[in-house]
Protein chains: 2
Amino acid sequence: MTRRVITYTGVMARWQTGAQDRLEQAALALFLEQGFSETTVPQIAARAGLTTRTFFRYFADKREVLFGGDESVPALVQHMLAQAPPEVRPVSLIVSQLASFAETVFGHRHQVLGIRHQIIRTDQGLRERELQKKATLKAAIVDGFVQRGTDELTATLAADLAMMVLGTALARWLTSDGSAPLSTAVAQVLAAFRTLASEVEWTTIP
Amino acid sequence: MTRRVITYTGVMARWQTGAQDRLEQAALALFLEQGFSETTVPQIAARAGLTTRTFFRYFADKREVLFGGDESVPALVQHMLAQAPPEVRPVSLIVSQLASFAETVFGHRHQVLGIRHQIIRTDQGLRERELQKKATLKAAIVDGFVQRGTDELTATLAADLAMMVLGTALARWLTSDGSAPLSTAVAQVLAAFRTLASEVEWTTIP
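Bear in mind that the values here come from a model prediction, so they are computed numbers and not experimental data.

1. Topic: the interface of chain A and chain B
Phase 1: In this assembly, 39 residues from chain A lie in contact with 39 residues from chain B.
Phase 2: For the pairing of chain A and chain B, the buried interface totals around 3,800 Å² over both sides, and the portion due to carbon and sulfur atoms is 71%.
Phase 3: There are 2 salt bridges connecting chain A and chain B.
Phase 4: A salt bridge links A:Arg127 to B:Glu128, with the shortest nitrogen-to-oxygen separation between them at 2.4 Å.
Phase 5: If you look at where chain A meets chain B, you find 2 residue pairs in polar contact (both at pLDDT 80 or more).
Phase 6: Broken down by secondary-structure element, the contributors of at least two residues to the side of chain A that touches chain B are helix 6 (90-106), helix 8 (124-147), helix 9 (152-174) and helix 10 (182-198) of chain A.
Phase 7: For the side of chain A that touches chain B, the element with the most residues is helix 10 of chain A, which contributes 11 residues.

Below you can see the structure in the form of structure tokens.
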């Protein structure tokens, strides 16, 4: 029974991924070729060799081709923060978890994310949506730290730090050829930040 | 000769500030009362008891009431970074200069900035303009550090750090009653960040 369900789910997942991937690839190609605002859902479906009805089985609208799946990321972050031993301090948590988190969420999508980034830059509504997404993720990180007993200000700065390291690492990785993993870019940025931050220790705040 | 020019400039500046302040106050009041998009330049001029022609002597359009003056900030930052002794490291520079910089640029405008922040939140075009402004400021900081010989990655992280401390301090100060100066908020955020950052030292990056 269990085996049959697993097999069935596996087949379903492959089939779904197939259609979803084809729709995503068709959409990205059309967005690049003719612009985001000029592209319609029927065009995307036709390019993927699927129906409009199938499109709407996976995406609420064409914008969600670019943002779909992202809504699960804040919950994943909060889960990671809740699971970590309570004595681990915020920066230690960021340093120890960020590379594997980034690898899990983004690491397998170098080409698609690069194209996605290019498309988002061209459209004000998309840029706004991207910022909302980042704000939601940051709020989830702040909340995750506050739930661990971190004060609000420290939680805010820790979240900013995580977003800044992740954003810088992603930008470097997406402009590279992608042969080195994202986790390496995260480690490089963290190392540069550690050097930078170590200077704060011996500086007197006025 | 020099004395006369200075005196004349002084008088001009006072006169200009009078009309400009009246226009700014009228515009902010109208933006709050009836919304940014519903407010026209003739309405602003009428509320200030001035002509539309006078309005355009100070502002290119109604949006520039909210953003005018900001264009000089990146150059100010670059000047500060260029003036500092070459041996001063990025974080030391941020720690030693940020409070006085923030105080100079924003410290005397608690009420206006609070209203401005409220208005910008309501309009997508204004939010976008605000982000452009922040991106320009960040790029100026990165460039200023690179000019001092800082490598690009460290310069980017230092700029992010400065923006993050400034942004957090401004948010805290603008939601306070403004009785404590902005420089105190900057010092508090820097102190919290120092504590947070000191944890990086003893954490091994994977």
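So, next bit.
2. Considerations on the packing of helix 8 of chain A against helix 9 of chain A
Residue and element names in this part refer to chain A.
Phase 1: Running from amino to carboxyl end, helix 8 crosses helix 9 at an angle of 135°, the nearest separation of the two axes being 8 Å. On the basis of the axis angle, helix 8 is oblique to helix 9. The chirality of how helix 8 crosses helix 9 is right-handed. The residues of helix 9 that touch helix 8, namely those facing Lys134, Leu137, Lys138, Ile141, Val142, Phe145 and Val146, are Glu152, Ala155, Thr156, Ala158, Ala159, Asp160, Ala162 and Met163.
Phase 2: Classifying every residue of the contact of helix 8 with helix 9 by side-chain character gives 10 nonpolar, 1 polar and 4 charged.

3. Examining the nonpolar core
Phase 1: Formed by 84 residues in total, the largest nonpolar core has its most connected members in A:Ile141, A:Leu182, A:Val186, B:Ile141, B:Leu182 and B:Val186.
Phase 2: When neighbours within four sequence positions are excluded, B:Val186 is seen to be in contact with B:Leu98, B:Ala99, B:Ala102, B:Val165 and B:Ala169.

4. Concerning the relation of the copies chain A and chain B
Phase 1: Overlaying chain A on chain B yields an RMSD of 0.1 Å, the required transformation being a rotation through 180° with an accompanying axial translation of 0.0 Å. Overall, the copies show the geometry of a two-fold rotation axis. Considering only C-alpha atoms, the part of chain A nearest the rotation axis is A:Ala197, at 2.9 Å.
Phase 2: Taken together, the interface assignments show that 100% of the residues at the interface of chain A recur at the interface of chain B, consistent with an identical surface on both copies.

5. Some remarks on the UniProt feature "DNA-binding region" (unreviewed entry) in chain A
Phase 1: With numbering matched to this structure, UniProt assigns "DNA-binding region" (unreviewed entry) to residues 40-59 of chain A.
Phase 2: With 75% helix and 0% strand, residues 40-59 of chain A has end C-alpha atoms that lie 13 Å from one another.

6. Here we look at the environment of B:Leu30
Residues and elements named next belong to chain B.
Phase 1: By secondary structure assignment, the location of Leu30 is in helix 1 (residues 2-34).
Phase 2: When its relative accessible area of 5% is taken as the criterion, Leu30 is described as buried.
Phase 3: A sequence separation of 13 residues divides Leu30 from Gln43, and the C-alpha atoms of the two residues are 8.2 Å apart.
Phase 4: Here Leu30 is in contact with Gly35, Thr39, Gln43, Ile44 and Arg47, once residues within four sequence places are set aside.

Calculation notes
Residues numbered from 1 in each chain as written. Chains lettered and ligands numbered in written order. Predicted model: local features only at pLDDT ≥ 70, side-chain atom pairs only at ≥ 80, totals over all residues. Heavy atoms only, no water. Contact = heavy atoms within 4.5 Å. Buried area = accessible area lost by both parts, 1.4 Å probe. Salt bridge = Lys/Arg side-chain N within 4 Å of Asp/Glu carboxyl O. Polar contact = N/O pair within 3.5 Å; in protein donor to acceptor, adjacent residues only side chain to side chain. Helix = DSSP H or I, 4+ residues; strand = E, 2+ residues; numbered from the N terminus. Axes fitted to C-alpha atoms, helices over the stretch in contact; angles between N-to-C directions. Parallel < 35°, antiparallel > 145°, perpendicular 65-115°, else oblique. Left-handed = near helix turned anticlockwise from the far one by under 90°. Nonpolar A, V, L, I, M, F, W, Y, C, P; charged D, E, K, R; others polar. Core = buried A, V, L, I, M, F, W, Y, C linked by side-chain atoms within 4.5 Å. Buried < 20%, exposed > 50% of the residue type's maximum accessible area, 1.4 Å probe, protein only. Least-squares fit on C-alpha atoms with pLDDT ≥ 70 in both. UniProt positions renumbered as here; feature names shortened; annotations may be inferred.

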